[in-house]
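What the coordinates show
Residue-level listing of the chains:
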Amino acid sequence: MTEVRLVDVEKRYGAFLALPKQSLTIEEGEFLVLLGPSGCGKTTTMRMIAGLEDITSGDILIGDERVNDKPPKDRDIAMVFQNYGLYPHMTVAQNIGYPLKLRGMDRAKRNERVLEIAKKVELETLLKRRPSELSGGQRQRVALARAIVRTPKIFLMDEPLSNLDAKLRVTMRAELKHLHYELGVTTVYVTHDQMEAMTLASRIAVMREGRIVQLDTPKKIYSEPIDLFVAGFIGSPSMNLIEGAVENGFFVAKGVKIPVQLADRRDVVLGVRPEDLEIVKQEGAAITAPAYALELTGESTLLTVKDGATSICVRGPADLETKIDEVCYLAPQAGGRIHLFDKSTGTRIDA
Amino acid sequence: MKNRIYWAIERTLLLLVSFVVLFPIFWMFLTSLKKPRDAYSITLNFQPTLENFATVFADPWNLGSMVLNSVIVAGVTVLIAVPCASLAAYSFSRFRVKGRKILFFLVLSTQFIPAVVIVLPFFLMFRSLGLLDTRIALIIVNLAIVTPFVIWMIKGFIDAIPVDSEEAALIDGASRLRVIRDIVLPMAAPGILTSSIFCFILTWNEFLFSLILTRRDAVTLPVGLVNFRTERGDLWELMSAAGVMITVPIFIMAILIQKHFTRGMTAGAIK
Amino acid sequence: MQDRFLSYALLVPAFVIVLATTIYPLVYSFVTSFREWDLTRQRRPGDFVGFENYAHAVTETGFQNSLWVTTIFVVTSVALTLLLAMSLALLLRRKGSLHTFTRIILILPFAMSPALIGVSYRFMFNPEFGVLAVGLGSIFPGLKDTPWLADPDLAMAVLIATDVWHWTPYMTFMCLGGLASIPRETEEAARIDGASGFRIVWEIVLPQMKGVLLVTAILKTIFALKMFDQVVTLTGGGPGTSTETLAYFVFNVGFEWYDMGYASSLAWILTLIMMLISVWYVRMLLSEKKMATV
């Protein structure tokens, strides 16, 4: 169980500043997810922890040891790559056993351990195959097995599920979650998929353009996003973001009038999640707009209403039968949250 | 109906192309089997004989010694060039060496230098060192021709290998040299083999340097051909036999690598 | 980190070879080009004469002739090779056993020693017993008894033929590679839009091949400038000096007349021409790579 600390770490590529100076502490045994769009610096951060990239300035400590100058092989870490990084000329068994071979474990012990791990990921019948003979899901499990065959201090995972088809991804998520529970190793996980982040993480670091924008538990990030970027990024379907102004204790925009506890001001963005809205009858409707589209998801219907520039999505009952262009009435649910953001800075306004 | 015509035309063209490609080779093989008298007529109806081959290997032609020279020169050149080139190719491919682009361009550009411009200094150098007409001299100059090309080819092959497997090995606990040994070399093996054969072919067929730098002892096969021009006239049947000796080993090798041809040789030119 | 040392260390063996075998002689020959050195009269290099050798070249008829010969050879052989290569590539890119067979044997002309190709063609074009001379003469009566290698223009034609025969396969493979990198969807979309086969090639495929064709043309130009072996074995520079390319001329000056100084300067003129073209080539390569990532 090891803690990882990045202290005042900065990364430049020539003149380009990829990661501005910042610090991050990854606690023992936690499952930290680095989440963000492509190019936000999450993979670079992970590769620095791995030792595959140099740090321009700052320190990385694994445990209590400063590892800046240590090559990857001396950092006692394991990594699962997005494209798996398997050794195509070796069998599955050889792939899994390679880290052990490098550390000088003798063949008998190695084979034993490889078999043990293979059973855990259900690969024991495929040990003699080559990676080219395996399916995507099987290759992914080989990569995983190779990572857990030792007991490293840290697991690093770089979008390991993104090359799998949707269904397999969901299954593997549960597998990873259980594995983490079983092994308890500190894990750093990179993804751009907010669903993966929400379901797997003990904490999420949302990143944008090299900066960590918010570092918090999934629950907190979901219910208290720190700015517009995080608010719009997390949640599927994403949070409704409506531009408007506050007048006389109401947030107003085209077709929208919602009571808020805020002094009058302009340039406000109101955020409310689709599941925090409900469809009501006309009385006291906060939102009035014609229906634009309906999407049946199975257990619910997503109704999008649109009036001019204002577009709002609400999660309604599965048997909803509204017609397109029919006028709809929505209101915030009783227990739901409303978020207010400053339009120009994007930061949250705490009422 | 239209399809049929196109198909017939296509087939004809292909056969025509195959004919144009194979005919000179075929004719040479045929001539090598002809008695001297038949060689000077265009007959297909003749009594084949292997006596030409026997003749060229005997005195005074001694093709055998030229075969030996070619084998040694080409073989040693490959044995030296390929390992050195592989290491350099790996470095160019994987490391962000400072000035990498310039160095690589420098290496590449030496390919585009006409052989004549370096044969003069080599001639003078070897003359003063007493190395004219030696195999060592030929090996040295062939290294000049071949090394940049092999670096380029092998780099192309290594570029095509995904870096992931190497990084995984680094994380698994391998040192960089170990990674090259365990991961990169096995994966690049087909490419390195192709490049080696290519290198062998280039050296085997090399003519200019051998022509100028050898006289008697270190003569290689292509130059040996010129020996068959006598005052009496060209001895075509013997020349053809020698030609067969030059081409057969190369053809076998060439066919082996032809699949990788597109990838390796054009790796630099096309993405 | 440690990698930095290794990255340089790995380059050392190859660079030692390149420096010793290429850079050093280049410099040596560059220096010699500014000296007067007739090997038949002086054992040691002569005095420095500045640009005299180069100036001499400009007015000397041998050099002028070789420039002319080289230009004709290069332009013709590049044009022919490119045309044939592109056509062959279009022909060969489909699947089929005959196609595969042709592709396989196509490597043979490239694998053959150019010197041997020269010899072989010399034999086949001999007016008395050369199979091609006699064969063509019997098919086209007008060609009977043509003194193929004794006529300046015909000799050049045969020389070009040897070069085209030797290099078309290599260029065909380059074009095949280029064709393979064109997304098939562009042709399929054109077919759905109603274009015929010929139009598709002319308006869809070839424009996308521009980069590859240019790169191929430049590369072939460089190889054509280097061409040497066949001149020795096919024509010996003749008849007269009608096939005396610049490369061959340098060889003559250096090793028939043994004028080292002059030969060095000529060699360097050729080198400069080739360097210019190869710079152009590398530029094209790099921009082509950028375009190909679209």
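Computed from a prediction, not measured in an experiment: that's the story for all the values here.

This part takes up the overall build of chain C. Counting its regular elements, chain C contains 15 helices and zero strands. Buried positions account for 44% of the 294 residues belonging to chain C. If you take every contact in chain C between residues at least 6 apart in sequence, the share linking residues at least 24 apart comes to 70%.

Turning our attention to the overall build of chain A. When helices and strands are counted, chain A shows eight helices and 20 strands. Viewed in the frame of its principal axes, chain A has a C-alpha envelope of about 75 × 45 × 30 Å. Out of the 351 residues belonging to chain A, those deemed buried represent 37%. Counting only contacts in chain A whose residues sit at least 6 apart along the sequence, the fraction spanning at least 24 positions is 63%.

All names here are of chain A. Within the open sheet, the four strands sit side by side as β2-β1-β4-β5. Their pairing is antiparallel. With partners counted over all chains shown, the strands left at the sheet margins are β2 (16–26) and β5 (65–66), one partner each. Pairing of strand β1 (residues 4–13) with strand β4 (residues 57–62), which is carried by five bridges, proceeds in the antiparallel orientation. Looking at β4, one finds that Val-7 is bridged to Asp-59. The strands touched by helix α1 (residues 42–50) within the sheet are β1, β2 and β4, with β1 carrying the most contacts at an inclination of about 115 degrees.

All right, on to the environment of Ala-197 of chain A then. Residues and elements named next belong to chain A. Position of Ala-197 among the secondary structure elements: in helix α6 (residues 194–200). Ala-197 gets classed as buried once you count the C-beta atoms within 10 Å, which come to 25. Sequence spacing of Ala-197 and Pro-131 is 66 residues, and the spatial spacing of their C-alpha atoms is 28 Å. Contact partners of Ala-197, with chain neighbours within four places excluded, come to Val-33, Leu-35, Thr-191, Ile-204 and Pro-218.

Once that is clear, we can look at the sheet that holds strand β9 (residues 203–208) of chain A. Strand pairs in the sheet, formed through backbone hydrogen bonds, run parallel or antiparallel to each other. Residues and elements named next belong to chain A. Pairing within the open sheet is mixed, and its six strands lie in the order β6-β7-β8-β3-β9-β10. Sheet topology places β6 (77–80) and β10 (211–216) at the edges, where each strand pairs with a single neighbour. Direction aside, neighbouring strands of the sheet carry axes that sit 20 degrees apart on average. Sheet analysis places strand β3 (residues 31–35) next to strand β8 (residues 186–191), joined by five bridges and oriented parallel. Its bridge partner lying in β8, Leu-34 is registered against Val-190.

Moving on, we come to the packing of helix α8 (residues 163–172) of chain B against helix α9 (residues 176–204) of chain B. Two measures define how a pair of helices packs: the angle their axes make with one another and the distance between the axes. Residue and element names in this part refer to chain B. Close contact between α8 and α9 brings their axes to 10 Å; oriented N to C, the two are set at 140 degrees. In terms of orientation, α8 and α9 fall into the oblique class. The chirality of how α8 crosses α9 is right-handed. The segment α8 lies against α9, with Ser-165, Glu-166, Ala-169 and Leu-170 engaging Val-179, Asp-182, Ile-183 and Val-184. Tallied by class, the residues present in the contact of α8 with α9 amount to five nonpolar, one polar and two charged.

Val-250, Leu-266 and Leu-270 of chain C are the most contacted members of the largest nonpolar core, which has 261 residues in total. Considering every element that reaches this core, the biggest residue donor is helix α7 (residues 135–159) of chain B, with 17 residues. In terms of domain composition, this core takes at least three residues from each of domain 1 (4–233) and domain 2 (240–342) of chain A. Sequence-distant contacts of Leu-266 of chain C, that is, excluding residues within four places in its chain, are made with Ala-57, Phe-63, Phe-249, Val-250 and Val-253 of chain C.

Another aspect to go through is the interface of chain C and chain B. Taken together, the 76 residues of chain C in the interface contact 72 residues of chain B. Sorting elements by how many residues they give to the side of chain C that touches chain B places helix α15 (residues 260–292) of chain C first, with 14 residues.

The next thing to look at is the packing of α7 of chain B against helix α2 (residues 12–32) of chain C. Running from N to C, α7 of chain B and α2 of chain C point in directions that differ by 130 degrees, and their axes come no closer than 9 Å. Put simply, α7 of chain B runs oblique to α2 of chain C. The two elements α7 of chain B and α2 of chain C cross, and the hand of that crossing is left-handed. Where α7 of chain B abuts α2 of chain C, its residues Ile-140, Val-141, Leu-143, Ala-144, Thr-147, Pro-148 and Ile-151 of chain B lie against Ala-14, Ile-17, Val-18, Thr-21 and Thr-22 of chain C. Looking at the contact of α7 of chain B with α2 of chain C residue by residue, the classes come out as nine nonpolar, three polar and no charged.

Below, the discussion takes up the pairing of strand β20 (residues 339–342) of chain A. All names here are of chain A. With burial as the criterion, only one face of β20 is covered, namely that bearing His-339 and Phe-341; the residues Leu-340 and Asp-342 on the opposite face remain uncovered. Here strand β14 (residues 265–272) runs beside β20; their pairing, made up of four bridges, is antiparallel. Bridge pairing in β20 links Leu-270 to Leu-340.

Time to look at the domain arrangement of chain A. Residues and elements named next belong to chain A. The domain boundaries assigned to chain A delineate domain 1 (4–233) and domain 2 (240–342). In this structure, domain 1 and domain 2 have C-alpha centres spaced 39 Å apart. Residue-level contacts link six residues of domain 1 with six residues of domain 2. For the side of domain 1 that touches domain 2, the element with the highest residue contribution is helix α8 (residues 228–233), accounting for three residues. Taken together, the residues of the side of domain 1 that touches domain 2 sort by class into three nonpolar, two polar and one charged.

Turning our eyes to something else, we now look at the confidence of the model for chain C. Averaged over all residues, the pLDDT of chain C equals 86, while 97% of them reach at least 70. For this predicted complex, the interface confidence reaches an ipTM of 0.86, while the overall pTM sits at 0.82.

The next subject is α2 of chain C. Residues and elements named next belong to chain C. If you check α2, its first and last C-alpha atoms are 28 Å apart, about what 21 residues at 1.5 Å a residue would give, namely 30 Å. In α2, a bend of some 35 degrees at Leu-19 exceeds every other bend along the element. Ala-14, Ile-17, Val-18, Thr-21, Thr-22, Pro-25, Ser-29 and Thr-32 are the residues of α2 that are buried.

Put simply, Ser-236 of chain A and Pro-237 of chain A share a cis peptide bond, and its omega is 0 degrees. Here Pro-237 of chain A lies in the loop between α8 and β11 (240–247). Even without being a glycine, Asp-76 of chain A presents a positive backbone phi close to 55 degrees. Within the secondary structure, Asp-76 of chain A is located in the loop between β5 and β6. One non-glycine residue with positive phi stands out, namely Asp-133 of chain B, at about 65 degrees. Mapped onto the fold, Asp-133 of chain B is located in the loop between α6 (115–129) and α7. The class for Asp-133 of chain B is partly exposed, based on 15 C-beta atoms found within 10 Å.

What follows is about the environment of Val-250 of chain C. The residue Val-250 of chain C is located in helix α14 (residues 246–255) in this model. On a C-alpha basis, the gap between Val-250 of chain C and Leu-270 of chain C in space is 9.0 Å, while along the polypeptide they are 20 residues apart. Apart from residues no more than four positions distant in its own chain, Val-250 of chain C is found in contact with Val-116 of chain B together with Ala-263, Leu-266, Ala-267 and Leu-270 of chain C.

So, on to the pairing of β9 of chain A. A regular strand places its side chains so that they alternate between the two faces of the sheet. Residues and elements named next belong to chain A. Relative to β9, β3 runs parallel, the two being bridged by four bridges. For Leu-34, the partnering residue across the bridge sits in β9 and is Ala-205. With five bridges joining them, β9 and β10 adopt antiparallel strand pairing. Each bridged residue has a counterpart across the sheet, and for Val-206 the counterpart in β10 is Gln-214. Counting the residues between successive antiparallel strands, the hairpin from β9 to β10 contains two residues, one of them, Glu-209, with a positive phi of roughly 50 degrees.

What counts as what
Residues numbered from 1 in each chain as written. Chains lettered and ligands numbered in written order. Predicted model: local features only at pLDDT ≥ 70, side-chain atom pairs only at ≥ 80, totals over all residues. Helix = DSSP H or I, 4+ residues; strand = E, 2+ residues; numbered from the N terminus. Buried ≥ 20, exposed ≤ 12 C-beta atoms within 10 Å, placed from the backbone. Contact = placed C-beta atoms within 7 Å. Pairing = 2+ DSSP bridges. Axes fitted to C-alpha atoms, helices over the stretch in contact; angles between N-to-C directions. Parallel < 35°, antiparallel > 145°, perpendicular 65-115°, else oblique. Left-handed = near helix turned anticlockwise from the far one by under 90°. Nonpolar A, V, L, I, M, F, W, Y, C, P; charged D, E, K, R; others polar. Core = buried A, V, L, I, M, F, W, Y, C linked by C-beta atoms within 7 Å. Domains from an automatic or database assignment. pLDDT = per-residue confidence, 0-100. Expected span 1.5 Å × (residues − 1). Bend = angle between axes of the 7 residues up to and from the residue.

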